[in-house]
2 protein chains.
Amino acid sequence: MKTTLQRPRQWNSPFGPTKKGHVSNPLCRTSGTYVGRFDLETELNKTDVNGIRLGDELERIGYLGEMELGSRHMGAFFEAHIEQGPILEDEEKAIGIVRLGQGIRWYNIEVVGRPSHSGTTPMHLRKDAMLAASAIVTEMNAIAHRHENGLGTVGFMQVWPNSRNTIPGNVTFSADLRNPKPDVLLTMHEELLAFCKEIALDHGVDVNVDPFWYFAPVEFNASDDVKAATEKLGYSHMDIYAGAGHDACYMADLVPTGMIFTPCLNGISHNEAEYSSPEECAAGANVLLHAMLEASERIAKEHQ
Amino acid sequence: MKTTLQRPRQWNSPFGPTKKGHVSNPLCRTSGTYVGRFDLETELNKTDVNGIRLGDELERIGYLGEMELGSRHMGAFFEAHIEQGPILEDEEKAIGIVRLGQGIRWYNIEVVGRPSHSGTTPMHLRKDAMLAASAIVTEMNAIAHRHENGLGTVGFMQVWPNSRNTIPGNVTFSADLRNPKPDVLLTMHEELLAFCKEIALDHGVDVNVDPFWYFAPVEFNASDDVKAATEKLGYSHMDIYAGAGHDACYMADLVPTGMIFTPCLNGISHNEAEYSSPEECAAGANVLLHAMLEASERIAKEHQ
């Protein structure tokens, strides 16, 4: 039996592992489980691509604890993190005070046209799934630009039959819409659905949209503790949104929560090139410590 | 040693087999070699994905002849073929009299942007290779529509890293432009190159265009023999272009050539669903026979 750890090339393909019941996305499932958003048994039963069960591995390495979920007494929760984006670097600020975790809507979109020969099918008789998909990619970008703080991305695409001289019959791709305001994100969602319907009619193709995941925006209610600590320490700072998923986004369900961002070289993360300098990390750690001290004083006063 | 015949999933990927020296495209290499467009030894030395050499296989099955290339005495060359497109079906004609083999220009295009996080990279700081590629796909379609009888297709695309929450850093794709008129095809080519330059500037990405193949339009000078035969037999007919590559396109280098098209169900070819009815095939075969008779009579008269 082959036991080498294999990472498939498209390891987080939305049309690959998820369909086989593997871990569907890497966004902080453990904190989500701790606060009760996900079912503990379901999470422990998840397996990696080699069929290894999460619960078994936690037991093997001695990390499968007995404490009841959500039972630890906490007055506040703080998380320091590299920004994973280019804003602090671009604005030349040492610390980002994270006011909000933005909302996320994820989609799988499939365009079904008709595969036919690129040299013999006149333009007016085509049902070109690639052309329709490209129009949706372009519109994702336009939707993001129409709304303040909107983001729109198509990161994954698979083409069938993917042959130079065949008009694509099927194109599947991911869509990712984000906004810190839930009502704006809902409008962006509705614009995407309406555009997909329009494209289906215009191009004579089927467009199947699966809006399979929604993460509501989160407010970080202990942000003022982070701000007070940053100002006390004298670091340059700005308010910022968390664009990615973080443990703090779930922990905010239970207690006042704050996040501290440090600059991220070229905005690159989830990559070997991810980098915050030692000085930048030290600033983040100092703010983390002093935010906790601020919160402790505040909570002590509140209970006097 | 594994000897099973393997067809890679993307068997005619422009960025796969060609780079390793395998057969680069399936378009009638043998007739092209016969008329002297390709070098015989180069062709015989080509291998399939399992490393099996074409010359060795021809010898093994007894098909490696001794006759000199281009040496057979011919007065004309005729080829009957399924249309591989939907025009005859759409126009309800039994026979297509192929007047021209259209010109083809093939490209490999690579867009190099910057991979970054879809949730943390503001729209104005992105270098989104997918967005730039989609603009080129849309423009390929627009170029085709701007020119009479123009065709434009992107059939192949590969995205890197192809992850739902990463803005694509690299998108490679094929482009296929066709037109029966060489000057029009050249204009289409220049429009594509100019647009790619513009997109590179607009999106802050690199766009590398490799225009690696050009097939000049071909006139079929024995088309009148095909027309005379079709009218004598009483079949409905129309003049048509050959959109795909055919043996006749190369044989026209040597002798007057004609092509006969039969209808093609739903325009689908290179596919298990390709279909001409027995009656439609019989009509094509009858026209083929009578076109040869017409040509023989014509040539005999010319030599009287």
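Look up a bit, the structure's there.
Note that residues are indexed from 1 along each chain, following the sequence as it is written. Lettering for chains starts from A, numbering for ligands starts from 1, and both go in the order in which the items are written. This being a predicted model, a pLDDT of at least 70 is required before a residue's local features are given, and a value of 80 or more before pairs of side-chain atoms are given or counted; all residues contribute to the totals for chains, interfaces and linings. Side-chain metrics rest on all non-hydrogen atoms present in the structure, leaving aside hydrogens and water.

1. Quick look at the overall build of chain A
By definition, any uninterrupted DSSP run of H or I lasting at least four residues is a helix, any uninterrupted run of E lasting at least two residues is a strand, and each is numbered from the N terminus. Looking only at helices and strands, chain A has 9 helices and 12 strands in total. Expressed along its principal axes, the backbone C-alpha trace of chain A runs to roughly 80 × 50 × 35 Å. The buried label goes to any residue with under 20% of its type's maximum accessible area, the exposed label to any with over 50%, and the partly exposed label to all in between, with areas taken from a 1.4 Å probe on protein chains only. Relative to its 304 residues, chain A shows a buried fraction of 50%. Long-range contacts, defined here as pairs at least 24 residues apart, represent 80% of the contacts in chain A between residues at least 6 apart. All accessibility values rest on the Shrake-Rupley procedure with a 1.4 Å probe; residue burial counts only the protein chains present in the view. Of the roughly 14800 Å² of accessible surface on chain A, a fraction of 52% belongs to carbon and sulfur atoms. Neither His nor the chain ends contribute to the count of charged residues, in which Lys and Arg are positive and Asp and Glu negative. By convention, the point assigned to a charge is CZ for Arg, NZ for Lys, CD for Glu and CG for Asp. A gap of 7 Å separates the mean positions of the 26 positive and 41 negative side-chain charges of chain A. Any two residues whose heavy atoms approach within 4.5 Å are treated as being in contact.

2. Points about the interface of chain A and chain B
In this complex, chain A contributes 63 residues to the contact, which on the side of chain B involves 63 residues. A combined buried area of about 5100 Å² lies between chain A and chain B, and 55% of that area is made up of carbon and sulfur atoms. Any carboxyl oxygen of Asp or Glu that lies within 4 Å of a side-chain nitrogen of Lys or Arg is treated as forming a salt bridge with it. Joining chain A to chain B, the criterion identifies 0 salt bridges. We define a polar contact as two N or O atoms separated by no more than 3.5 Å, with the added condition that, inside protein, one atom must be a possible hydrogen donor and the other a possible acceptor, whereas residues neighbouring each other in sequence contribute only through side-chain atom pairs. Where chain A touches chain B, the interface holds 20 residue pairs in polar contact (both at pLDDT 80 or more). When two parts are brought into contact, each loses some accessible area as probed by a 1.4 Å sphere; the total of that loss over both is the buried area.

3. Digging into a nonpolar patch on the surface
Two joining distances apply to patches: 9 Å for like charges and 5 Å for nonpolar side chains (Val, Leu, Ile, Met, Phe, Trp, Tyr), and every residue must have over 30% relative accessible area and no salt bridge. On the surface, a cluster of nonpolar side chains totalling about 250 Å² of accessible area is made up of L289(A), M292(A) and L293(A). With respect to the element layout, M292(A) can be found in helix α9 (residues 278-302).

4. Observations concerning the nonpolar core
Counting residues in hydrophobic clusters, the biggest one holds 60 residues, and the most contacted among them are I136(A), M157(A), L192(A), I136(B), M157(B) and L192(B). Discounting chain neighbours no more than four positions away, the residues touching M157(A) are A133(A), V137(A), V171(A), T172(A), F173(A), M130(B), M157(B), V159(B) and N162(B). Nine residue types can take part in a nonpolar core, namely buried Ala, Val, Leu, Ile, Met, Phe, Trp, Tyr and Cys, and a core is a set of them joined through side-chain atoms within 4.5 Å.

5. Let's talk about the state of the cysteines
When the sulfur atoms of two cysteines share a covalent bond, that bond is a disulfide. Residues and elements named next belong to chain B. In plain terms, two cysteine sulfur atoms within 2.5 Å form what is called a disulfide here. Going through the model one piece at a time under the given rule, you end up with 0 disulfides over all chains. Between C264, a free cysteine, and C281, which holds the nearest cysteine sulfur, the sulfur-to-sulfur gap is 11 Å. Given a relative accessible area of 1%, C264 falls into the buried group.

6. Some details on the pairing of strand β3 (residues 103-112) of chain B
Along a regular strand, successive side chains alternate from one face of the sheet to the other. Residue and element names in this part refer to chain B. Taking burial as the measure, the 10 residues of β3 include 8 buried ones, the bulk of the element. Two strands pair when backbone bridges link them, and β3 and strand β8 (residues 170-179) are joined in this way by 10 bridges, in the antiparallel orientation. The residue of β8 that forms the bridge with G103 is N179. Only when DSSP finds a minimum of two bridges between them are two strands counted as paired. In terms of strand pairing, β3 meets strand β9 (residues 206-215) through 8 bridges, oriented antiparallel. Bridge pairing links I109 to V209 in β9.

7. A short note on the pattern of salt bridges
Residues and elements named next belong to chain B. Applying the stated criterion across every chain, the model contains 26 salt bridges over all chains. In this structure, the salt-bridge partner of R37 is D253, at a minimum N-O distance of 2.8 Å. Within this pair, whereas R37 is found in the loop between α1 (29-34) and α2 (40-44), its partner D253 is found in the loop between α8 (247-251) and β12 (257-262), the two being separated by 216 residues in sequence. In this structure, R60 and E57 form a salt bridge, with 2.9 Å as the shortest nitrogen-oxygen distance. Residue R60 and its partner E57 are both found in helix α3 (residues 54-60); the two are separated by 3 residues, about one turn of the helix.

8. A word on the relation of the copies chain A and chain B
The transform that puts chain A on chain B rotates by 180° and translates by 0.0 Å along the axis, for an RMSD of 0.1 Å. The relationship between the two copies is best expressed as a two-fold rotation axis. Residues of chain A ranked by C-alpha distance from the rotation axis are headed by S134(A), positioned 2.3 Å from it. The overlap is high: 98% of the interface residues of chain A also sit at the interface in chain B, so the same surface is used on both sides. Least squares is used to superpose the copies, and the fit set is the C-alpha atoms of residues whose pLDDT is at least 70 in both copies.

9. Structural notes on a negative patch on the surface
A cluster of like negative charges, contributed by E89(A), D90(A), E91(A) and E92(A), occupies part of the molecular surface. Along the chain, E91(A) turns up in helix α4 (residues 87-91).

10. Details of helix α7 (residues 223-233) of chain B
Residues and elements named next belong to chain B. If you check which residues of α7 are buried, you get S223, D225, V226, A229 and T230. Axial view of α7: buried residues confined to an arc of 160°, hence all on one face. When the buried face of α7 is taken as reference, the exposed residues oriented beyond 90 degrees from it are D224 and K232. On its buried side, α7 packs onto β1 (77-82), β2 (95-101), β11 (237-242), β12 and α9 (278-302). Immediately beyond the C-terminal end of α7, within one or two residues, lies G234, with a positive phi of roughly 80°. Summarising the geometry, the arc corresponds to the directions from the helix axis toward the C-beta atoms.

11. Some details on the packing of α7(B) against α9(B)
Residues and elements named next belong to chain B. At a minimum axis separation of 8 Å, α7 and α9 run at an interaxial angle of 120°. Taken together, α7 and α9 sit at an angle that is classed as oblique. The handedness of the crossing between α7 and α9 is right-handed. For the pair α7 and α9, contact is made by D225, V226, A228, A229, T230, K232 and L233 and by N286, V287, H290, A291, E294, A295 and R298, respectively. Any residue that is not Ala, Val, Leu, Ile, Met, Phe, Trp, Tyr, Cys, Pro, Asp, Glu, Lys or Arg is counted as polar, Gly included; the first ten are nonpolar and the last four charged. In terms of residue class, the contact of α7 with α9 is built from 7 nonpolar, 3 polar and 4 charged. Angles shown run from 0 to 180 degrees and are taken between the N-to-C directions of axes, each axis being a line fitted to C-alpha atoms and, for helices, limited to the stretch in contact. Roughly parallel means an angle under 35 degrees; roughly antiparallel, over 145; roughly perpendicular, 65 to 115; everything else is oblique. Two helices cross in a left-handed way if the nearer one is turned anticlockwise from the farther one by less than a right angle. They cross in a right-handed way if the turn is clockwise.

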